[in-house]
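Breakdown of the fold
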Amino acid sequence: MSLIVQKFGGSSVRDTECLLRMAHIAKERRDEGCDVVVVLSAQGNTTDTLLEKAHKLMRSPDRRELDALLASGEQVSAALGALALKALGADAISLSAWQVPVRTDGVHGDAQIENIGTERIRRELKKGRIVVGTVRCAERRGAFRGNIPPNRLLPADKSVPLPCNGFPVEGN
């Protein structure tokens, strides 16, 4: 069975319509017999909104707490993404970084990934589930800022970044 990793940015999951479009795209691949991992960013302007809130409280927010705050926006997307897939009749599960697990070097605000465990992801795929995760991870040793290259998650047969309209993003 082919493994497909699909990456959707924040504008691709910004509202219910886009979440359902993402779910249709992922479900189509699953219905074709592929194993599917979906990697989601926080919805729309969520990250900017959360940063604004933190900066209203203090000029230089603690990096650890900022990592936890920003990761929460991404986890909301993952849970909503799994719910959208379930609404279409697909079996799906959202996984946060600690559930995968993703381990970083512990530098809050600019961590580098040291290890991504694949056992849990593979176990969920074997059950026929679409696995939904995030691009930002916050865990006890720090948060990775920026995109996790989808093929870093699992060696995939195909890695496809997709915008809200469902057409592949050239050059990614």
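Residues numbered from 1 in each chain as written. Predicted model: local features only at pLDDT ≥ 70, side-chain atom pairs only at ≥ 80, totals over all residues. Heavy atoms only, no water.

1. Some details on a nonpolar patch on the surface
Our working definition: Put simply, a patch holds well-exposed residues, over 30% relative accessible area, that have no salt bridge, with like charges counted together within 9 Å and Val, Leu, Ile, Met, Phe, Trp or Tyr side chains within 5 Å. Computed with the Shrake-Rupley method and a 1.4 Å probe, the accessible areas treat only the protein chains shown as cover for residues. Salt bridge, as applied in this entry: a Lys or Arg side-chain nitrogen positioned within 4 Å of an Asp or Glu carboxyl oxygen. Secondary structure elements are taken from DSSP: a helix is a run of H or I of four residues or more, a strand is a run of E of two residues or more, and numbering for both begins at the N terminus. Any residue under 20% of the maximum accessible area for its type is buried, any over 50% is exposed, and the rest in between are partly exposed; the area is computed with a 1.4 Å probe on protein chains only.
Together, Val76, Leu80 and Leu83 make up a nonpolar patch on the protein surface, roughly 240 Å² of accessible area in all. Inspection of the secondary structure puts valine 76 in helix 3 (residues 63-87). Valine 76 sits in the partly exposed class, given a relative accessible area of 44%.

2. Some points on the confidence of the model for the protein
Our working definition: Each residue gets a pLDDT score, which is the predictor's confidence in that residue and runs from 0 to 100. Should any heavy atoms of two residues lie within 4.5 Å, those residues are counted as being in contact.
When the pLDDT values of the protein are averaged, the result is 82; 78% of them are 70 or greater. The weakest mean pLDDT in the protein belongs to strand 8 (residues 142-144) at 42; the strongest belongs to strand 3 (residues 92-94) at 97. For the stretch residues 138-147, pLDDT sits under 50, and the model shows 50 contacts to residues farther than four places along the chain or on other chains. Here residues 161-172 is a poorly scored stretch, pLDDT under 50, and it has 26 contacts once near neighbours within four places are set aside; other chains count.

3. A closer look at the nonpolar core
Going by this rule: To qualify as a nonpolar core, a set must consist of buried Ala, Val, Leu, Ile, Met, Phe, Trp, Tyr and Cys residues joined through side-chain atoms within 4.5 Å.
Phe8, Met22, Val38, Leu40, Leu85, Ile130 and Val132 are the most contacted members of the largest nonpolar core, which has 20 residues in total. Those elements that place two or more of their residues in this core are strand 1 (3-8), helix 1 (16-31), strand 2 (35-40), helix 3 and strand 6 (130-134). Of all the elements, helix 1 adds the most residues to this core, at five residues. When near neighbours in sequence (up to four residues on either side) are disregarded, valine 132 contacts Val38, Leu40, Ala78, Gly81, Ala82, Leu85, Ile93, Ser94 and Leu95. Grouped together as the second largest cluster of nonpolar side chains are 14 residues, Leu3, Val5, Ala97 and Leu125 included.

4. Quick word on the side chain of serine 94
Summarising the element assignment, serine 94 is placed in strand 3. Other than its neighbours up to four places away in sequence, serine 94 contacts Gln75, Ala78, Ala79, Ala82, Gln99 and Val132.

5. Let's talk about the environment of glutamate 28
With respect to the helices and strands, glutamate 28 occurs in helix 1. Sequence-wise, glutamate 28 and alanine 90 are 62 residues apart; in three dimensions their C-alpha atoms are separated by 9.8 Å.

6. Topic: the packing of helix 1 against helix 3
Stated precisely, the cut-off is as follows: Think of each axis as a best-fit line through the C-alpha atoms, taken over the contacting stretch in the case of a helix, with angles from 0 to 180 degrees between the N-to-C directions. Throughout, a crossing is termed right-handed when the near helix is turned clockwise from the far one, and left-handed when it is turned anticlockwise from it by less than a right angle. Gly is put with the polar residues, along with every residue not named as nonpolar or charged; the nonpolar set is Ala, Val, Leu, Ile, Met, Phe, Trp, Tyr, Cys and Pro, and the charged set is Asp, Glu, Lys and Arg.
The geometry of helix 1 relative to helix 3 is characterised by a closest axis approach of 9 Å and an angle of 65 degrees between their N-to-C directions. For the pair helix 1 and helix 3, the sense of crossing is right-handed. Where helix 1 approaches helix 3, its residues Leu19, Leu20, Met22, Ala23, Ala26 and Lys27 are matched on the opposing element by Leu80, Gly81, Ala84 and Leu85. Looking at the contact of helix 1 with helix 3 residue by residue, the class counts come to eight nonpolar, one polar and one charged.

7. Some remarks on helix 3
Put simply, the rule is: In a helix, the anticipated span is given by 1.5 Å times the number of residues less one. Pairing of N or O atoms within 3.5 Å defines a polar contact, subject to two protein rules: one partner must be a possible hydrogen donor and the other a possible acceptor, and residues neighboring in sequence count only if both atoms are side-chain atoms.
Here helix 3 contains 25 residues, and its C-alpha end-to-end distance of 36 Å stays within 8% of the 36 Å for a straight helix at 1.5 Å per residue. Where helix 3 begins, one side-chain oxygen reaches toward the backbone nitrogen of arginine 64, 3.1 Å away; that side chain belongs to aspartate 62. Just beyond helix 3, the residue with positive phi is glycine 89, at close to 90 degrees.

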